Amino acid sequence: MAVAELNPAFTKTHLHSSQLSFLSRSVPTHQHCAFPTLHRNQQHARISCSVTQQNQVQAPAVQTQEPNSKSDCYGVFCLTYDLKAEEETKSWKKLINIAVSGAAGMISNHLLFKLASGEVFGPDQPIALKLLGSERSIQALEGVAMELEDSLFPLLREVSIGIDPYEVFQDAEWALLIGAKPRGPGMERADLLDINGQIFAEQGKALNAVASRNVKVIVVGNPCNTNALICMKNAPNIPAKNFHALTRLDENRAKCQLALKAGVFYDKVSNVTIWGNHSTTQVPDFLNAKIDGLPVIDVIKDRKWLEQEFTEMVQKRGGVLIQKWGRSSAASTAVSIVDAIRSLVTPTPKGDWFSSGVYTDGNPYGIAEGIVFSMPCRSKGDGDYELVKDVIFDDYLRNRIAKTEAELLAEKRCVAHLTGEGIAVCDLPGDTMLPGEM
Ligand SMILES: NC(=O)C1=CN([C@@H]2O[C@H](COP(=O)(O)OP(=O)(O)OC[C@H]3O[C@@H](n4cnc5c(N)ncnc54)[C@H](OP(=O)(O)O)[C@@H]3O)[C@@H](O)[C@H]2O)C=CC1
Ligand SMILES: O=C([O-])CC(=O)C(=O)O
């Protein structure tokens, strides 16, 4: 894998130096000039660099001008483009490696720019983006990387692209696994489980071989719970606890609907759990949820609405959106990936929790072990989480949870050949679907 070394002059002055390398075993390896001429915020500084030959960059000529007052600058740009803030940039943390699969897809197109902006890991956290595509998407990936270059993100220190997960996932500390085939006409759900399952089996093996031993993995590609299980089972050297299936979008959708019904702003809604599968069997939990610190059932005194309309609205939101947009949620999914990561890297507000699809072994709720199931989690902000113990159940919630549990157990039997658990037997319940399938 060829990644250009950071130009020391750029590192010293803390200026943008996104790097672009193309990683592949079957595609020729190239290197681009990653140090374009920068004319960002000319009141602060004008920086230029020129490429003499591949991988060799002349020291930038820096002409400082009178900086704007601090209040005029915005977010990370205050830290990086105001050269007088050099002392502050010295507080930057150690670079982290973030791998993203399906990087040329719709969700990534929103997500990558959020990651690079600093809004996810913070304005003092430089990042390297390692983008995984395929032979069919390599050109598009190059386009994505060019747009990242043109965005002049100061915290974005490296961008590498490739089609071989064993190269792209090298030393990854975060792996955001988005790339997966969507269901097409005439395809059975079991076909999708098998096709996508193979992708996640391969990527699990690659993570196991080359990623950081404590890599945090967030699986987005559908069906994300079972894909996360497959990935985890193929990566025995990485703690099972590190694998997540994204159900944060469902949590956000539930919060929005509760806020709408109660007539409050959605920051008043807390403690919303999505139980189970990211599918139409998921259970948005209104029993434990709160509005302004009060139980939702005491604020929205319409149990019928909560059990039927609300629940179904959340379960099928993805499908309604596909009907309107003609494609599945991408921007809101990217936002929810940001939320999911931030929930792991910042302490959970006191008394609250967040939902994530995590491994059920050792869970305190009596849910079957050996599956990836969305449950309520709390984090100290260290990338790890604990399951929340103080939740209540009633018969309605138990019955709904049993249904989504049964679906995940059926999915697991269907991919036994990919998890090393024997011969696959597919007996998927006929009435269960991805959120996007109507
Ligand atoms: N968990 C959640 O909350 C949500 C999950 N999703 C899921 O996220 C995934 C990505 O969505 P989105 O970015 O919108 O999708 P796109 O179709 O825009 O991109 C998906 C990427 O998947 C990759 N891919 C891998 N294998 C295949 C294959 N066999 N056929 C086609 N593409 C393949 C492609 O990249 P390449 O060629 O580079 O491999 C493609 O760029 C989907 O599975 C979707 O269902 C979507 C919304 C919410
Ligand atoms: O169902 C889909 O295809 C997309 C999806 O996961 C969602 O919007 O929740």
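Criteria and cut-off values
- Residues numbered from 1 in each chain as written.
- Chains lettered and ligands numbered in written order.
- Predicted model: local features only at pLDDT ≥ 70, side-chain atom pairs only at ≥ 80, totals over all residues.
- Heavy atoms only, no water.
- Disulfide = S-S within 2.5 Å.
- Helix = DSSP H or I, 4+ residues; strand = E, 2+ residues; numbered from the N terminus.
- Buried < 20%, exposed > 50% of the residue type's maximum accessible area, 1.4 Å probe, protein only.
- UniProt positions renumbered as here; feature names shortened; annotations may be inferred.
- 1 Å grid on protein atoms, 1.4 Å probe; cavity = no way out; pocket = protein on both sides within 12 Å on 5 of 7 lines; lining within 4 Å.
- Points joined across faces, edges and corners; volume = space filled by probe spheres on them.
- Nonpolar A, V, L, I, M, F, W, Y, C, P; charged D, E, K, R; others polar.
- Domains from an automatic or database assignment.
- Axes fitted to C-alpha atoms, helices over the stretch in contact; angles between N-to-C directions.
- Parallel < 35°, antiparallel > 145°, perpendicular 65-115°, else oblique.
- Left-handed = near helix turned anticlockwise from the far one by under 90°.
- Contact = heavy atoms within 4.5 Å.
- Expected span 1.5 Å × (residues − 1).
- Near = heavy atom within 4 Å.
- Polar contact = N/O pair within 3.5 Å; in protein donor to acceptor, adjacent residues only side chain to side chain.
- Areas by Shrake-Rupley, 256 points an atom, 1.4 Å probe, with all protein chains shown as cover.
- Pairing = 2+ DSSP bridges.

A. Structural view of the state of the cysteines. Scanning all chains against the criterion turns up 1 disulfide. The side chain of Cys 414 participates in a disulfide bridge whose partner is Cys 426; the two sulfur atoms lie 1.6 Å from each other. Taking the sign of the S-S torsion, 40° for the link of Cys 414 and Cys 426, the bridge is right-handed. Here Cys 414, found in helix 14 (residues 395–414), pairs with Cys 426, found in the segment after helix 15 (416–419); they are 12 residues apart in sequence, far enough to count as distant. Under the relative-accessibility criterion, Cys 414 is labelled buried at 4%.

B. Representation of the UniProt feature "domain: Lactate/malate dehydrogenase C-terminal" (unreviewed entry) in the protein chain in the model. Mapped onto this numbering, the UniProt entry annotates "domain: Lactate/malate dehydrogenase C-terminal" (unreviewed entry) at residues 247–417. Across residues 247–417, helical content stands at 46% and strand content at 16%; the span's end C-alpha atoms are separated by 25 Å.

C. Structural view of the layout of surface pockets. One number sums up the size of the largest pocket: a volume of about 1,200 Å³. If you go around the largest pocket, you meet 45 residues; those closest to its centre are Ile 178, Gly 179, Ala 180, Lys 181 and Pro 182. For the lining of the largest pocket, the elements supplying multiple residues, two or more each, are helix 4 (106–117), helix 7 (189–210), helix 9 (248–262) and helix 12 (317–325). The element that contributes the greatest number of residues to the lining of the largest pocket is helix 7, accounting for 5 residues. A breakdown of the residues in the lining of the largest pocket according to their chemical character gives 20 nonpolar, 18 polar and 7 charged. Shared between two domains, the lining of the largest pocket holds at least three residues of each, these being domain 1 (14–31 + 90–245) and domain 2 (248–419). Put simply, the second largest pocket is a space of about 390 Å³. Taken together, 18 residues make up the lining of the second largest pocket; nearest its centre are Arg 248, Glu 251, Lys 255, Asp 339 and Ser 343. A total of 4 residues in the lining of the second largest pocket trace back to one element, the largest contributor, which is helix 9.

D. Representation of the packing of helix 7 against helix 14. Taken N-terminus to C-terminus, the directions of helix 7 and helix 14 make an angle of 60°; their axes are 10 Å apart at the nearest point. By the angle between their axes, helix 7 is oblique relative to helix 14. Our pair here, helix 7 against helix 14, has a crossing hand that is right-handed. Along the contact surface, helix 7 presents Arg 189, Ala 190 and Leu 193, while helix 14 presents Glu 407, Glu 411 and Cys 414. For the contact of helix 7 with helix 14, the class distribution of residues is 3 nonpolar, no polar and 3 charged.

E. Region of interest: helix 11 (residues 303–315). Between its first and last C-alpha atoms helix 11 spans 17 Å; for 13 residues at 1.5 Å apiece the expected length is 18 Å, and the two agree. Looking at helix 11, one finds that the buried residues are Trp 305, Leu 306, Phe 310, Thr 311, Val 314 and Gln 315. Where helix 11 is buried, its residues touch helix 9, strand 13 (273–275), strand 14 (283–285), helix 10 (296–299), helix 12 and helix 14.

F. Looking closely at the site of ligand 1. For ligand 1, the set of nearby residues contains 22 residues, the closest of which are Met 106, Ser 134, Arg 136, Ser 137 and Asn 222. At 2.6 Å from an oxygen atom of ligand 1 is found a side-chain nitrogen or oxygen belonging to Ser 134. One of the backbone nitrogen or oxygen atoms of Leu 246 is found 3.4 Å away from a nitrogen atom of ligand 1. Protein burial of ligand 1: of its 920 Å² of free accessible surface, 82% is covered by the chains.

G. Focus on the environment of Ser 329. Its location among the elements puts Ser 329 in the loop between helix 12 and helix 13 (331–345). C-alpha of Ser 329 to C-alpha of Ile 107: the two residues are 222 residues apart in sequence and 7.8 Å apart in space. With residues up to four places along the chain from it excluded, the contact list for Ser 329 reads Ile 107, Leu 249, Arg 253 and Leu 321. Only 2.9 Å separates the side chain of Ser 329 from the side chain of Arg 253, close enough to count as a polar contact.

H. Representation of the sheet that holds strand 15 (residues 290–291) in the model. Across the sheet, 3 strands lie side by side as 12-15-16; this open sheet has antiparallel pairing. Both edges of this open sheet fall to strand 12 (269–270) and strand 16 (294–295), since each of them pairs with a single strand only. Both strand 15 and strand 16 contribute to a ladder of 2 bridges, which runs antiparallel. Paired with Lys 290 across the two strands is Pro 295, which belongs to strand 16.

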